[in-house]
Amino acid sequence: MTVDTVLYNGKIFVNGKLLEAGIAINEEKIYRIAKTPNLPQASRKMNLDGKIVIPGLIDVHVHLRDEGKAYKEDFHTGTLAAAAGGVTTVLDMPNNRPITMDIYTLKERMRLTRGRIFVNVGFYSAFPENSMEIPLLVKEGVIGFKLFLNAQIGGINVENDETLLEMLQTLSRAGVPLAVHAEDKRLIEKKKEELQKMGRHDFQAYIEAHPPKAEEKAVKRMVELTKKTDAQVHFCHVSSEKGLEVVRKAKNDGLLVTCEVTPHHLLLSAEDLEEYGAFAVTTPSLRTKQNVEALWKGLKNGWVDILASDHAPHSIKEKTANSIWKIKPGISGIETFLPLMLNEVNSGRLTLEELVKLTSENPAKVFQLKFRGLLKEGFYADLTIIDIHAEYRIDASKFYSKAKYSPFNGWRIKGKPIKTFVNGELVMEDGEITAKPHTGKLVRRGYP
Ligand code: DOR
Ligand code: ZN
């Protein structure tokens, strides 16, 4: 048998360990993982020179935008950026224009990806006005639903507990997870108003307007509602010690609850916002060092399930508005996600095993992405090849994303994604894009 591609002479991440071996790829899938001499014949062979192969990253929190927000990012540039960063699957958030929140907007988004995606894309939906649409959205393959407790996005009133409970019950029946942005809308609005009345418009005022209390309150509220159902609830970008503590307790109580943290909440802190400037303005906002340490502790203790970028691109004009209250929150993070985390592996704060769990294995499990998230025979050949020793500086002006800025610009990094394979095709090599934009597939819940 002659397979499509053989990658030989590598270090392959299998079952938590690096095997000196190679990978044979055939028809989009991993055909065999074996010692180099035992690999089959192939039409194309590639010597990995001892480099490490990990499962392609699954980034469960990405704002790909497009449509009415295409000036910030679109399917083409967002998935290029993903491939460049070693990410092979992204899950797209629904706060777009129009909002993904009914069968029409979802189908339209899916249609627009045709011939325009370099990596795999799955979609979240916001809540439709009419709950009868939920089963239709599920049938169409949404990966999950997204609830913003910090803003009114989607068709249901986020202030009303009864409505939220009904929605959780519906999702629990459908067996689909809910991803929650847990920050209390009222508390933030109140703080913001007070600070604005005082004439405050400095970076610290922004931090004060988004207190950890707002997160803790919203996580608690959601956990209490979850207790009354069997719903699966995933907390997005948990950023505070107290918020994480509530999640940990909920897990201990046996609830089907998971959470993610972002690289920026692990690596930047509120004390330094002045220095990082507007490019680090995000929600939830950066936190004090004490909170940052608590996130690391949670990550090391296994309370954190997923690392995700929360790639939230905006135009440079939106990021450099002259008032803190006008700056659009969000970090252009998908191209720095893996490099920053590999740097942490090199500095000894994170093991490669932890990294792979948090960026591929667990995302695939939590969102039930079939045949992805592991290097395993029969699974899709979504692979990221890394040079763990490469040293360089982050240069945001070279991003593939339309949002060519970053609070990490200029940071010295050790560890780099050097090749990305999506469904068996080489998409990125040494920072260059080597494929046409048809390598990505739509990932739909329940479909292989
Ligand atoms: O910083 C953020 N940016 N937080 C959000 O919740 C939304 C996001 C965006 O879409 O820009
Ligand atoms: Zn987000």
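Our structure is the block above this text.
On a predicted model such as this, the values are computed, not experimentally measured, just so you know. (Residues numbered from 1 in each chain as written. Chains lettered and ligands numbered in written order. Predicted model: local features only at pLDDT ≥ 70, side-chain atom pairs only at ≥ 80, totals over all residues. Heavy atoms only, no water.)

1. Section: the coordination of the zinc ion (ligand 2)
Taken together, the protein ligands of the zinc ion (ligand 2) are H61 (NE2), H63 (NE2) and D310 (OD), with distances of 2.0 to 2.3 Å. Considered as a linear motif, the donors of the zinc ion (ligand 2) on their single chain read H-x1-H-x246-D. With H61 in strand β6 (residues 57-62) and D310 in the loop between β13 (306-307) and α12 (316-319), this pair connects stretches of sequence that are 249 residues apart. Taken individually, H61 and D310 each receive the classification buried, so the pair is uniform in this respect. (Donors = N, O, S within 2.8 Å, 3.2 Å for Na, K, Ca; no water. Helix = DSSP H or I, 4+ residues; strand = E, 2+ residues; numbered from the N terminus. Buried < 20%, exposed > 50% of the residue type's maximum accessible area, 1.4 Å probe, protein only.)

2. A look at unusual backbone geometry
Cis geometry marks the peptide bond from R97 to P98, where omega comes out at 0°. Looking at the element boundaries, P98 is found in the loop between β7 (87-92) and α2 (103-112). The amide bond that connects T283 to the next residue, P284, takes the cis arrangement and shows omega of -10°. On the secondary structure map, P284 appears in the loop between α10 (273-276) and α11 (289-300). Unusually for a residue other than glycine, D66 sits at a positive phi of about 70°. Summarising the element assignment, D66 is placed in the loop between β6 and α1 (75-84). Of note in the backbone geometry, Q368 takes a positive phi value of approximately 45° without being a glycine.

3. Quick word on the site of ligand 1
Taken together, H63, R65, N95, H181, T282, T283, A312, H314, P329 and G330 make up all the residues around ligand 1. Contact between ligand 1 and N95: an oxygen atom at 2.8 Å from a side-chain N or O atom of the residue. The backbone of P329 places a nitrogen or oxygen atom 3.0 Å from a nitrogen atom of ligand 1. When the free accessible area of ligand 1 is taken as 290 Å², the share hidden by the protein chains comes to 91%. (Near = heavy atom within 4 Å. Polar contact = N/O pair within 3.5 Å; in protein donor to acceptor, adjacent residues only side chain to side chain. Areas by Shrake-Rupley, 256 points an atom, 1.4 Å probe, with all protein chains shown as cover.)

4. What about the side chain of E133?
Its place among the elements puts E133 in the loop between β8 (120-125) and α3 (134-140). One buried charge, E133, has no salt-bridge partner; the nearest side chain with opposite charge is K107, at 9.4 Å. Leave out the neighbours within four places in its chain, and E133 touches D102, I103 and P128. (Lys, Arg positive; Asp, Glu negative; His and termini not counted. Salt bridge = Lys/Arg side-chain N within 4 Å of Asp/Glu carboxyl O. Contact = heavy atoms within 4.5 Å.)

5. Some remarks on empty space enclosed by the protein
According to the stated counting rule, one finds two cavities of 30 Å³ or more in the structure shown. Of the volumes computed, that of the largest cavity is approximately 50 Å³. Taken together, P263, H264, S309, I331, G333, T336, F337, L340 and F408 form the lining of the largest cavity. Among the elements of the structure, α9 (263-267) and α13 (337-347) are those that each provide at least two residues to the lining of the largest cavity. Residues of the lining of the largest cavity, tallied by class, amount to five nonpolar, four polar and no charged. Considering only enclosed or pocket space, the second largest cavity measures out at about 30 Å³ in volume. Lining the second largest cavity, in full, are G56, I58, T88, T89, R372, G373, L374 and D382. (1 Å grid on protein atoms, 1.4 Å probe; cavity = no way out; pocket = protein on both sides within 12 Å on 5 of 7 lines; lining within 4 Å. Points joined across faces, edges and corners; volume = space filled by probe spheres on them. Nonpolar A, V, L, I, M, F, W, Y, C, P; charged D, E, K, R; others polar.)

6. Observations concerning helix α5 (residues 185-197)
Taking 1.5 Å as the rise per residue, α5 with 13 residues should run 18 Å; its terminal C-alpha atoms sit 18 Å apart, in good agreement. For α5, the set of buried residues is K185, L187, I188 and L195. For α5, the angular spread of buried residues about the axis comes to 165°, placing them on one side. Residues of α5 that are exposed and point more than 90 degrees away from the buried face comprise R186, K190 and K197. Next to the buried residues of α5 lie α6 (203-209) and α7 (212-227). By the N-cap criterion, in which a side-chain oxygen at the helix start approaches the backbone nitrogen of a residue two or three places on, α5 is capped by D184, the distance to R186 being 3.4 Å. Two residues or fewer past α5, G199 is found with a positive phi of approximately 80°. (Expected span 1.5 Å × (residues − 1). Arc of directions from axis to C-beta.)

7. Concerning the sheet that holds β8
Read from one edge to the other, the open sheet built from eight strands follows the order β6-β7-β8-β9-β10-β11-β12-β13, with strand pairing classed as parallel. The open sheet terminates on both sides in strands that have one partner only, identified here as β6 and β13. Of the strand pairs in this sheet, β8 and strand β9 (residues 144-148) are connected by two bridges, and their pairing is parallel. Bridging from a neighbouring strand, Y124 pairs with G144 of β9. Relative to the sheet, α13 contacts β6, β7 and β13, its axis offset from that of β6 by approximately 120°. (Pairing = 2+ DSSP bridges. Axes fitted to C-alpha atoms, helices over the stretch in contact; angles between N-to-C directions.)

8. A few points about the pattern of salt bridges
Enumeration over the complete set of coordinates arrives at 31 salt bridges. Between E318 and K72 there is a salt bridge, with its nearest N and O atoms 3.1 Å apart. Taken together, the residues span a long stretch of sequence, with E318 in helix α12 and K72 in the loop between β6 and α1 at a distance of 246 residues. Accessibility expressed as a relative area gives 3% for K72, which makes it buried. Of the charged contacts, one joins E245 and R248 as a salt bridge, the two residues approaching to 2.9 Å between their closest N and O atoms. With a gap of three residues between them, E245 and R248 both fall in helix α8 (residues 241-252), about one helical turn apart. With relative accessibility at 28%, the residue E245 sits in the partly exposed group.

Any functional reading would require information beyond the geometric quantities listed.
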